[in-house]
Amino acid sequence: MQFVPIAAKQLAYKIFVLCKLAKSEEQLAFEKQWLQGGHLWLAHRGGFTAVVREGDAEAGRIKVRVIQTGEIITVDEDDLEKANPPQLERAEDIASLRCLNECGALNLLRSRYSAGLYHARAGHAMLVLGPPKRTTPVYTEKVAAMFRGCRMDDMPPHVFAAAQSAHKCMLASRRDRAIVFLGRSGSGKTTAMRHCVWYLASVYAAQGSKLTPERLGAALDVLHIFGSSRTNSNTYASRFVSLTSLDFDGGGALVSASVQTLLPDFRPEQAHLRALHILFHGCDGRLRRELLLDQAPINAPNPYISCSEKADAPTEFIALKEAFQFLGVTEQEQMAVWKILAAICHLGWAGVVKGNTGLKYQFASTGCATRASRLLGVGVEELSRAVFAPPAPPSPQPAHALRTPSPSNERDLPGSDSLEAFVTGLYNETFNIVAALINRSISTSCRTSASILLVDTPGADNPLCAGQQSGAPLSKLLSNYLQERLQAVFHEAMLVAPRERYAQEGITLDDGTEEDWLSETVSPAPMVDLLDKSPQNSIVRSSQADLRDCDRRGLLWLLDEESMYPNSSDDTFLERVMTHYGPPNHTQYLIKKAPLVRQFSLQHLQGTNPVLYDVTGWVKASRENPVTKKAHALLQESQNEEIVRVWTWSRGACGTSTWSAAVGDASTLRRASSIRRTLTTGAAGMKRRSYALQTKFVADGIVDTLRRCGAGGVQFVCCLLTNQPREAADDVNVPLLRSQFRGFQLLEAARLYKQGFPEHMPLTEFARRYRLLATTEGENTEATNLSERQIVDDMLLTLDLDVTSYRLGLTQSQIRPGARDWHEKAQAQIAAGTFSDSIIQYLTQMSSPQTRKVQNRHS
């Protein structure tokens, strides 16, 4: 083997890089001409337009020529942004743009989407444009095989790259990792999550394991059918929070999985649930007769069943049954689920009228109620009492274990509200059964080393964007609140944590500005505090006169307090909210009173998504309806053996009606117990009847789980809507894309990534891992009397890296993106014939496809 001095190695590497980056004379001439041409972007409300500078006008104004029309106009200087050369229009990373500005970033995203490139990066954040179509060829096994074992720097932007990076970091650190999916409703978060699950199950499947990609796909299919509904903005809108845990053994193989379901919002009267729609319009023959649906009044209206899009229901129902069979769900277990769903359909036809017996209300159609009771295995009188009988007064309990009771007029609920609450309880029990059956199918007792947690929540929703003029209900506020909390985690990880790390290491950024990245105008913290700030003292309710003397509490806490007192109403709630946060308070820019009664607007996501809310019915909706729990007792007393067997088993497997955990997986149970502990201890345990505050405590548990992954342990996949549902799929709605881009703070994240040093490593680890590359033959590689900082400094000088591409902190080395491309450097030396034993020894320590090729060639 031939040995050469280190200087020859460095020269070979420089020649390799220069040849790779060399440009032809025509390319250089074109780029020079472009830069001298004065190409700019003119930003306006409808998007941006390409212009060329023609000259100055009065102060602060510039004359430009519109390239498309040739028209010369005078515009404000602040509305112009520098354009990038055409070869950067489809760059993979927004941070790689020469002129990093909003118009340039949006043009990059639009160009990539038009070319069928649905993924991009903004620093460490992965962007998905769409949602992509199911038939797109970028989610195939051939594409997945290209990502296996690769580093992030070697992979193009893709959701597979996010999954691969999380898996690689999990193996390196032996700690749990998480992938969080952010975006508006209909942007494709659930689809992106499923692509990540499919990739990890396909590429890292354990030999002989039952956990195949097909099984996981069937499990997610079933869960999504039972947990989604049709809305104005999304055909398959998720109605629950899912935490999908993929558990791996010490070798990185997938050996177990589980799904936790949190905050189910299944009120059939608000949106038509897909499972009910598919069952009624899809089943036929013997099953339809067994479910008594052949006797149903088909022409009568049913508030729980949609009459549109019936043609695809038979195909979807067959696929649902096949998915159940693939998961090992028996015919008896399936029949139990079908009977409960069919009973809900019959209750929708039963209706409510004033009672003429002992009950204040009764079913309008006795025949429909009788069919529902037969399916549930109870008597029709028992069913009527469960739905319409006033609840018994709660038994006295210690004061510290009780939440302040709700108003006494809860016992005089309208009959329609009682029926809706009972149906909601039945569907919640069905969903828990389905979740338990899924976890039974995909979880194992194999020993796991670490896990990847995928967090998918209902997306941010704005009814005005879907053409709905009425205000948003309480459920939309809670969905938007969850997105605010996750955006706060994104802000902390991408903007706050890097700046704090630089300050601790004594490193300053050469950005030439003193811009405050953490001001209130760009931080989600003020909006989060407005929504969920906890009370700091024992004052529960106070008059307007002494409001200034007590601390302010968040909107969710105010709603909970209003729901506890008699004579409270939606008007008093809104009045208290505006007194706390409206003018002349410093938070008035976040909340505004709408002209109409009982309406207000919140400036979500730094004002990029203003949502109009209508508080009508909020106080009642925030109270726990006692009839909901009667579904639990009714199923427990059912005479139907199929229902009792599967319901009893599912309750034992899940343990509670608000979450579902894996069966027999210790690592997943630890994670589930963390969430459960958050929901049942402290203030959360006292507020178990508060629908609004349960969302806060679930968000607290999710954030706490993400923090356990450690610094850099959470990856973000931002799903961006390119157009509204009613618009053409091939067009890009630039104003819509711009509002999401600003709301996610992607430009700020990309700018800090470009100007900063995102790659960091402790000095000791850096010296141990990369000393071989900076060592000449015969040189003693043992530690000297130099400090770790001096050793690393000498190594970087020997490697002849650009001094602007790295910084040495007090305990860590901070490196700019691309400066630590050690694999490419080693390959360049081998290609030039200047490799040495130290290089081969270094490559042996690495894990990548290139390493295996080198070992095979020089073994």
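Everything numeric here is computed off the predicted structure, so don't read it as measured data.

What follows is about the overall build of the chain. Along the backbone of the chain there are 32 helices and 22 strands. Residues counted as buried form 55% of the 859 residues belonging to the chain. Of all intrachain contacts in the chain linking residues separated by at least 6 positions in sequence, the fraction that spans at least 24 positions is 70%. About 37,900 Å² of surface is accessible on the chain, with carbon and sulfur atoms providing 52% of the total.

In this structure's numbering, the residues bearing the UniProt feature "binding site: ATP" (unreviewed entry) are Gly 183, Arg 184, Ser 185, Gly 186, Ser 187, Gly 188, Lys 189 and Thr 190. Along the polypeptide, Ser 185 turns up in the loop between strand E8 (177-183) and helix H6 (189-203). Setting aside chain neighbours within four positions, we find Ser 185 in contact with Ser 233, Asn 234, Ala 237, Gly 459, Ala 460, Asp 461 and Leu 721. Inspection of the secondary structure puts Gly 186 in the loop between E8 and H6. Excluding residues within four positions of it along the chain, Gly 186 makes contact with Pro 131, Ser 233, Asn 234 and Leu 721.

Moving on, we come to the packing of helix H11 (residues 331-350) against helix H12 (residues 366-376). Two elements in contact, H11 and H12, have axes whose closest approach is 8 Å; the angle formed by their N-to-C orientations is 165°. Considering the angle they form, H11 stands roughly antiparallel to H12. Seen from above, H11 lies across H12 with left-handed handedness. In this structure, H11 contributes Lys 339, Ile 340, Ala 342, Ala 343, His 346, Leu 347, Trp 349 and Ala 350 to the contact, and H12 contributes Cys 368, Ala 369, Arg 371, Ala 372, Leu 375 and Leu 376.

A few words on the packing of helix H3 (residues 102-114) against helix H26 (residues 734-743). In a pair of packed helices, the angle between the axes and the distance between the axes together describe the arrangement. Orientation of H3 relative to H26, taken along the N-to-C sense of each, is 120°, at an axis distance of 11 Å. For the crossing formed where H3 meets H26, the hand is right-handed. For the pair formed by H3 and H26, the contact residues are Glu 102, Ala 105, Leu 106, Leu 109 and Arg 110 on the first element and Val 734, Leu 737, Arg 738, Phe 741 and Arg 742 on the second. A breakdown of the residues in the contact of H3 with H26 according to their chemical character gives six nonpolar, no polar and four charged.

Taking 1.5 Å per residue, 32 residues should reach 46 Å; helix H15 (residues 474-505) reaches 45 Å between its end C-alpha atoms and fits that length. Glu 492 marks the point of greatest bend in H15, at about 35°. Burial analysis of H15 places 24 of its 32 residues in the buried class, which makes it a mostly covered element. Remark: Gly 506 follows H15 within two positions and exhibits a positive phi of approximately 70°.

It is worth spelling out the state of the cysteines at this point. All told, the structure shown has zero disulfides when counted by the stated rule. Of all cysteine sulfurs, the one in Cys 718 lies closest to Cys 719, which takes part in no disulfide; the gap is 7.7 Å. Classification of Cys 719 as buried rests on a relative accessible area of 0%.

So, about the sheet that holds strand E21 (residues 806-808). Here we have three strands laid out as an open sheet, ordered E20-E22-E21, and antiparallel in their pairing. The sheet terminates laterally at strand E20 (759-762) and E21, the two strands that pair on one side only. With direction set aside, neighbouring strand axes in the sheet form an average angle of 15°. Where E20 and strand E22 (residues 812-815) come together, four bridges link them in antiparallel fashion. Bridging across to E22, His 760 finds its partner in Gln 814. On the sheet, helix H28 (residues 763-770) packs against E20, E21 and E22 and is oriented at approximately 95° with respect to E20.

The strand order across the open sheet built from three strands is E16-E17-E18, with neighbouring strands paired in antiparallel fashion. Each edge of the sheet is formed by a strand with only one pairing partner; in this case those strands are strand E16 (591-593) and strand E18 (609-614). Between one strand axis and the next, the sheet turns through 20° on average, direction left out of account. Two elements, E16 and strand E17 (residues 599-603), share three bridges in a ladder whose sense is antiparallel. By the bridge assignment, Lys 592 is partnered in E17 with Ser 601.

This part covers the pattern of salt bridges. For the structure shown, the criterion picks out 26 salt bridges. Measuring nitrogen to oxygen at the nearest pair gives 2.9 Å for the salt bridge that ties Asp 700 to Arg 485. One end of the pair, Asp 700, is in helix H25 (residues 691-707); the other, Arg 485, is in helix H15, and 215 residues separate them in sequence. Assessed through its relative accessible area of 23%, Asp 700 is described here as partly exposed. For the salt bridge of Lys 696 with Asp 700, the shortest nitrogen-to-oxygen distance reads 3.1 Å. Here Lys 696 pairs with Asp 700, and both are found in helix H25, just four residues apart, close to one helical turn. One connected set of salt bridges, linked through shared partners, spans Arg 485, Asp 532, Lys 696 and Asp 700.

Tracing the sequence through the fold places Asn 609 in strand E18. A distance of 3.0 Å separates polar atoms of two side chains, one belonging to Asn 609 and the other to Asn 462. The contact partners of Asn 609, leaving out residues within four places of it in the chain, are Arg 184, Ala 460, Asn 462, Leu 602, Gln 603 and His 604.

Another aspect to go through is the nonpolar core. Judged by nonpolar contacts, the single largest core of 112 residues is most densely connected at Phe 226, Trp 338, Leu 383 and Phe 422. Core analysis: the second largest hydrophobic core is formed by 91 residues, Leu 100, Leu 530, Val 619 and Val 732 among them.

A few words on the pairing of strand E1 (residues 39-44). Taken together, the six bridges between E1 and strand E2 (residues 47-56) define a ladder with antiparallel strand orientation. Within the sheet, the bridge partner assigned to Ala 43 lies in E2 and is Phe 48. The hairpin turn running from E1 into E2, its antiparallel successor, is two residues long. Two elements, E1 and strand E5 (residues 80-82), share three bridges in a ladder whose sense is antiparallel. Bridged to Leu 42 within E5 is Leu 80.

Cis geometry marks the peptide bond from Pro 583 to Pro 584, where omega comes out at 5°. Examined against the element boundaries, Pro 584 turns out to sit in the loop between helix H18 (570-581) and E16. Although it is not a glycine, Leu 263 sits at a positive phi angle of roughly 50°. Mapped onto the elements, Leu 263 comes out in the loop between strand E12 (254-262) and helix H8 (274-282). One non-glycine residue, Gln 745, adopts positive backbone phi at about 60°. The residue Gln 745 is located in the loop between H26 and helix H27 (746-755) in this model. When its relative accessible area of 2% is taken as the criterion, Gln 745 is described as buried.

What follows concerns the packing of aromatic side chains. Across all of its chains, the model carries 21 aromatic pairs by this definition. Aromatic side chains Phe 147 and Phe 160 sit 6.1 Å apart centroid to centroid with 85° between the ring planes, which places their arrangement in the edge-to-face category. Note that Phe 147 is positioned in helix H4 (residues 141-147) and Phe 160 in helix H5 (residues 159-173), a separation of 13 residues in sequence. Taken as a pair, Phe 147 and Phe 160 share a single burial class, namely buried.

Moving on to the pairing of strand E19 (residues 714-721). In terms of residue burial, E19 counts as a mostly covered element, since eight of its eight residues are buried. Burial along E19 is two-sided: the face carrying Val 714, Phe 716, Cys 718 and Leu 720 and the face carrying Gln 715, Val 717, Cys 719 and Leu 721 are both buried. Taken together, the five bridges between strand E7 (residues 125-130) and E19 define a ladder with parallel strand orientation. By the bridge assignment for E19, Leu 127 is matched with Cys 718. Examined bridge by bridge, E8 and E19 share six bridges and lie parallel to one another. What sits directly across from Ile 179, in E19, is Gln 715.

Calculation rules
- Residues numbered from 1 in each chain as written.
- Predicted model: local features only at pLDDT ≥ 70, side-chain atom pairs only at ≥ 80, totals over all residues.
- Heavy atoms only, no water.
- Helix = DSSP H or I, 4+ residues; strand = E, 2+ residues; numbered from the N terminus.
- Buried < 20%, exposed > 50% of the residue type's maximum accessible area, 1.4 Å probe, protein only.
- Contact = heavy atoms within 4.5 Å.
- Areas by Shrake-Rupley, 256 points an atom, 1.4 Å probe, with all protein chains shown as cover.
- UniProt positions renumbered as here; feature names shortened; annotations may be inferred.
- Axes fitted to C-alpha atoms, helices over the stretch in contact; angles between N-to-C directions.
- Parallel < 35°, antiparallel > 145°, perpendicular 65-115°, else oblique.
- Left-handed = near helix turned anticlockwise from the far one by under 90°.
- Nonpolar A, V, L, I, M, F, W, Y, C, P; charged D, E, K, R; others polar.
- Expected span 1.5 Å × (residues − 1).
- Bend = angle between axes of the 7 residues up to and from the residue.
- Disulfide = S-S within 2.5 Å.
- Pairing = 2+ DSSP bridges.
- Salt bridge = Lys/Arg side-chain N within 4 Å of Asp/Glu carboxyl O.
- Polar contact = N/O pair within 3.5 Å; in protein donor to acceptor, adjacent residues only side chain to side chain.
- Core = buried A, V, L, I, M, F, W, Y, C linked by side-chain atoms within 4.5 Å.
- Phe/Tyr/Trp six-rings, centres within 6.5 Å; stacked < 30°, edge-to-face > 60°.

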